[in-house]
Amino acid sequence: MNIFVCISNVPDTTTRIKYKPGNKEVDYTGVQWIINPWDELALTRAIELKEANQAAIQKITVITVGKADAEPTLRKALAIGADDAIRVDVAPEDAYTTAVQLAEVLKSEKDALILSGVESSDFNSWSVGGMLAELLDAPSVSAVSSLNIEAGNVVVTREIEGGKQTITTTIPSVLIVQKGIAIIPRIPSMRGIMTARTKPLKVVQGIASQPMVKVLDYQAPAQKSSCRMIDPENIEELIDLLHREARVI
Amino acid sequence: MSVLVYIEPREGKFKKYSFELVSYGQRVASALDQLLHILVIGKVAREELNSLGQYGATNIINVSEDIPFDDQVFTGIISNFAKQKEANVVVLAHSLTGRAIAPRLAIRLGAGLSTAVNGLPASYKPFIVNKKAFSGKTLVQQEITTEVKVLTLSQNTAGITEHSASPVIEEINSDAVASATKVVSTEVITGKVLLNEAEIIVSGGRGMRGPENWKPLEELAQILGAATACSRPVSDEGWRPHHEHVGQTGKVVAPSLYFALGISGAIQHLAGISSSKVIVAVNKDPEAPIFSAADYGIVGDLQSVLPKMTEAFRKFKAS
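Quick caveat, the model's predicted, so the values are computed rather than measured. (Residues numbered from 1 in each chain as written. Chains lettered and ligands numbered in written order. Predicted model: local features only at pLDDT ≥ 70, side-chain atom pairs only at ≥ 80, totals over all residues. Heavy atoms only, no water.)

K.L.:
Let's hear about the interface of chain B and chain A: which residues, and what values?
P.N.:
Contacts between the two partners involve 84 residues from chain B and, on the opposite side, 78 residues from chain A. Between chain B and chain A the total buried area reaches about 6,900 Å² when both faces are included, carbon and sulfur atoms providing 60% of it. Area buried by chain B at its contact with chain A is led by B:Leu96, B:Phe134 and B:Tyr296, which between them contribute 11% of it. Remark: the boundary between chain B and chain A carries seven salt bridges. Where B:Arg108 meets A:Glu134, a salt bridge forms, and the shortest distance between an N and an O atom there is 2.6 Å. Scanning the region where chain B abuts chain A turns up 37 residue pairs in polar contact (both at pLDDT 80 or more). Here the side of chain B that touches chain A takes nine residues from helix 4 (residues 96–109) of chain B, the largest share from any one element. In the side of chain B that touches chain A, the residues fall into 39 nonpolar, 29 polar and 16 charged. With six bridges connecting them, strand 14 (residues 213–219) of chain A and strand 7 (residues 138–144) of chain B associate as antiparallel partners. Opposite A:Gln219, over in strand 7 of chain B, you have B:Leu139 as the bridge partner. (Contact = heavy atoms within 4.5 Å. Buried area = accessible area lost by both parts, 1.4 Å probe. Salt bridge = Lys/Arg side-chain N within 4 Å of Asp/Glu carboxyl O. Polar contact = N/O pair within 3.5 Å; in protein donor to acceptor, adjacent residues only side chain to side chain. Helix = DSSP H or I, 4+ residues; strand = E, 2+ residues; numbered from the N terminus. Nonpolar A, V, L, I, M, F, W, Y, C, P; charged D, E, K, R; others polar. Pairing = 2+ DSSP bridges.)

So, in structure tokens, the structure goes:
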């Protein structure tokens, strides 16, 4: 089996968001780009599995939808331990068009376990993985917090409201993964960085597709008014404020 | 044309979030001058279904079978009813289940999808919704340009409205197909308030100094009927289970009251709590960034402050 890890190229999570004049676009100048944190955990787990199941897993491929500026992020994924990379040469517009491009490449892969982070840290839409699975007509399991290959079977733990479930699924499947699948993302080793330069990175043309959702306007959220400080010796004041002023207890 | 709202019973009962979704559907349907259909999958008592009338449910479809959850199977059931009822707006909870189904459903219906929308649409023609992006760092107005729309609604953003409808209830069998996924076992956390349903959350950070110090925090949570949570370093260290981790890569919460105890307030943590109505922070560092996000703050060491808080809240609750 081959594992495909979908990678979203996103601004570093500590980025301050600025807008271009008119507030219709985010201003990305000076932004540091990273692998979407959940995708990085997915990749980490894929590498761990391949190391532990040499016979079962042939290859780990990372795939992204983006223009050439997304390549450093793909190279980083190769440095962490992916075997090869695919970039679909289309600027991502919305979750739908991204999923369509991924599906076009992955539809011919029948012996594939596809991993996608639950959300991306930019648009937080929780959409691409599920859309991709539906376009591929493949099973999906969402909110996956652990993944194992046991006797050739894919065994996952999924979080449900108020608990968790252990589930087996078939190949191909799309697993939409969250934290827990791995805890600490792997960082590239020196050797990894060296070999990443020569690992295959294939660029494929995208297909025509129209977005279904468009952003009209960005706004900064309202600032909180200043914090009211309370004497630690006077917890009663806090209780009184929460009860009478904020009315939350 | 109609509006279809899918709500999830838990152990045969509906929670507040479902009432908010029904109210929301009622308001959207009335703005569009369309019929509202509520879809419920699972065995639910007639009385419980009737109670949805209070929130404006006029037509309820109940697939009264306990069908094991599977993304594809549930997508199939919901999309069939959406087509049958000619729904042009389909609304789900932004719950774990809603998030799993909505993207598949959108593709199956050829619909545009907007997830975690805040409150009612800003406009119906064109169809414009408000939501957050960049983990709460920005607000976005989005237009869904397709004829059919699928939405997931963020909890506590639209509120509950009261009505007095007597719903017509249709009990139907699903034509659920066998699923490709198989549930091997289910583990349910019992006797705890769930993070996503909690009105109050008591959360601890590294300032708690170690897992052995969680007793008073749990006590405070119990007094307040609150859920317990933690920051990322705490779950990474294994002091608390991962499902308690609140923040960008953990859970995003929206309670009425959030206690941040010994949490410095890294931007990733703030991303997870920015939708809380009121935030109380306790930290020994007066410069901690958590105070810029908090409404009420106490500078002090938790070892001495937390027991005092627990005592004071206990007295308040007893009075």
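K.L.:
So, the pattern of salt bridges: which residues are in play, and what are the values?
P.N.:
Scanning the model with the defined rule gives 32 salt bridges over all chains in all. The residue A:Glu40 makes a salt bridge to A:Lys76 at a minimum N-O spacing of 3.4 Å. With A:Glu40 in helix 1 (residues 37–52) and A:Lys76 in helix 2 (residues 71–80), this residue pair connects regions lying 36 residues apart in the sequence. For A:Glu40, a relative accessible area of 12% corresponds to the buried category. Linking A:Glu134 and B:Arg104 is a salt bridge whose minimum nitrogen-to-oxygen distance equals 2.7 Å. Here the residue A:Glu134 occupies a position in helix 4 (residues 128–136), and B:Arg104 occupies one in helix 4, the pair thus bridging two chains. Here A:Glu134 falls in the buried class, since its relative accessible area comes to 10%. You can call B:Arg104 buried: its relative accessible area is 0%. Sharing partners across several salt bridges, the network here consists of A:Lys67, A:Glu71, A:Arg87 and A:Asp89. (Buried < 20%, exposed > 50% of the residue type's maximum accessible area, 1.4 Å probe, protein only.)

K.L.:
Pulling in residues and values, what's your account of the sheet that holds strand 7 (residues 84–88) of chain A?
P.N.:
Read across the open sheet, the ten strands follow the order 13(A)-7(A)-6(A)-1(A)-8(A)-12(A)-9(A)-10(A)-11(A)-10(B); overall the sheet is mixed. Only two strands of the sheet have a single partner each, and these edge strands are strand 13 (201–204) of chain A together with strand 10 (182–188) of chain B. The sheet shows a mean angle of 30 degrees between the axes of neighbouring strands, taken without regard to direction. By the bridge criterion, five bridges tie strand 1 (residues 2–6) of chain A to strand 6 (residues 59–65) of chain A in an arrangement that is parallel. (Axes fitted to C-alpha atoms, helices over the stretch in contact; angles between N-to-C directions.)

K.L.:
Explain the pairing of strand 1 (residues 2–7) of chain B residue by residue, including any values.
P.N.:
All names here are of chain B. Counted residue by residue, strand 1 has six buried out of six residues, so it is predominantly covered. Alternating residues of strand 1 divide into Ser 2, Leu 4 and Tyr 6 and Val 3, Val 5 and Ile 7, and every residue in both groups is buried. In terms of strand pairing, strand 1 meets strand 4 (residues 87–93) through four bridges, oriented parallel. Across the sheet, residue Leu 4 finds its bridge partner in strand 4, namely Val 90.

K.L.:
I'd like a rundown of the packing of helix 3 (residues 95–106) of chain A against helix 4 of chain A, residues and numbers included.
P.N.:
Residue and element names in this part refer to chain A. Their axes nearest at 9 Å, the elements helix 3 and helix 4 cross at an angle of 45 degrees. Compared by their axis directions, helix 3 and helix 4 come out oblique. Along this stretch, helix 3 crosses helix 4, giving a crossing that reads as right-handed. Contact with helix 3, carried on its side by Ala 95, Tyr 96, Thr 98, Ala 99, Val 100, Leu 102, Ala 103 and Leu 106, involves Val 128, Met 131, Leu 132, Leu 135 and Leu 136 of helix 4 and no other residues of that element. (Parallel < 35°, antiparallel > 145°, perpendicular 65-115°, else oblique. Left-handed = near helix turned anticlockwise from the far one by under 90°.)

K.L.:
Quick one: what's the story with the side chain of A:Asp39, residue by residue and with numbers?
P.N.:
Residue and element names in this part refer to chain A. Here Asp 39 is to be found in helix 1. Buried within the structure, Asp 39 lacks any salt-bridge partner; its nearest side chain of opposite charge belongs to Lys 76, at an N-O separation of 12 Å. Contact partners of Asp 39, with chain neighbours within four places excluded, come to Val 5, Cys 6, Ile 7, Ser 8, Ser 116 and Gly 117. (Lys, Arg positive; Asp, Glu negative; His and termini not counted.)

K.L.:
Explain the sheet that holds strand 15 (residues 228–229) of chain A to me, using residue names and the numbers behind them.
P.N.:
The parallel open sheet is built from six strands, whose spatial order is 15(A)-15(B)-14(B)-13(B)-11(B)-12(B). Two strands in the sheet have a free side with no partner beyond their single neighbour: strand 15 of chain A together with strand 12 (227–230) of chain B. In the packing of helix 6 (residues 235–245) of chain A onto the sheet, contacts are made with strand 15 of chain A together with strand 13 (257–261), strand 14 (278–283) and strand 15 (296–299) of chain B, and the angle to strand 15 of chain B comes to roughly 170 degrees. The strands that helix 5 (residues 215–224) of chain B touches are strand 11 (200–204), strand 12 and strand 13 of chain B; relative to strand 11 of chain B, the one it contacts most, it runs at about 175 degrees.

K.L.:
I'd like a rundown of the domain arrangement of chain B, residues and numbers included.
P.N.:
A common measure of how large an interface is: the accessible area buried when the components associate. All names here are of chain B. What the domain assignment lists for chain B is domain 1 (2–172) and domain 2 (195–318). Using only C-alpha atoms to locate each centre, domain 1 and domain 2 end up separated by 32 Å. Contact residues are listed per partner, giving nine residues for domain 1 and nine residues for domain 2. Buried area between domain 1 and domain 2, summed over both chains or domains, comes out near 720 Å², and the portion from carbon and sulfur atoms is 30%. When residues of domain 1 are sorted by the area they lose upon contact with domain 2, Lys 132, Ser 135 and Gln 155 head the list and together hold 50% of the total. Inspection of the region where domain 1 meets domain 2 yields three salt bridges. Its salt-bridge partner being Lys 16, residue Glu 199 comes within 2.6 Å of it at the nearest N-O pair. Where domain 1 touches domain 2, the interface holds six residue pairs in polar contact (both at pLDDT 80 or more). (Domains from an automatic or database assignment.)

K.L.:
Residues and numbers for unusual backbone geometry, please.
P.N.:
Generally, phi is negative for residues other than glycine and the peptide bonds are trans, each holding for most cases. Between A:Ile171 and the following residue, A:Pro172, the backbone shows a cis peptide bond with an omega angle of -5 degrees. Within the element layout of this structure, A:Pro172 appears in the loop between strand 11 (163–169) and strand 12 (173–177). With an omega of 0 degrees, the peptide bond running from B:Lys125 to B:Pro126 counts as cis. If you check the backbone angles, A:Asn23 has positive phi at about 60 degrees while not being a glycine. One can find A:Asn23 in the loop between strand 3 (18–19) and strand 4 (26–27). Taking the relative accessible area as the measure of exposure, A:Asn23 reaches 23% and is therefore partly exposed. The phi angle at A:Ala143 is positive, at roughly 55 degrees, despite the residue not being glycine. Along the chain, A:Ala143 falls in strand 9 (residues 140–150).

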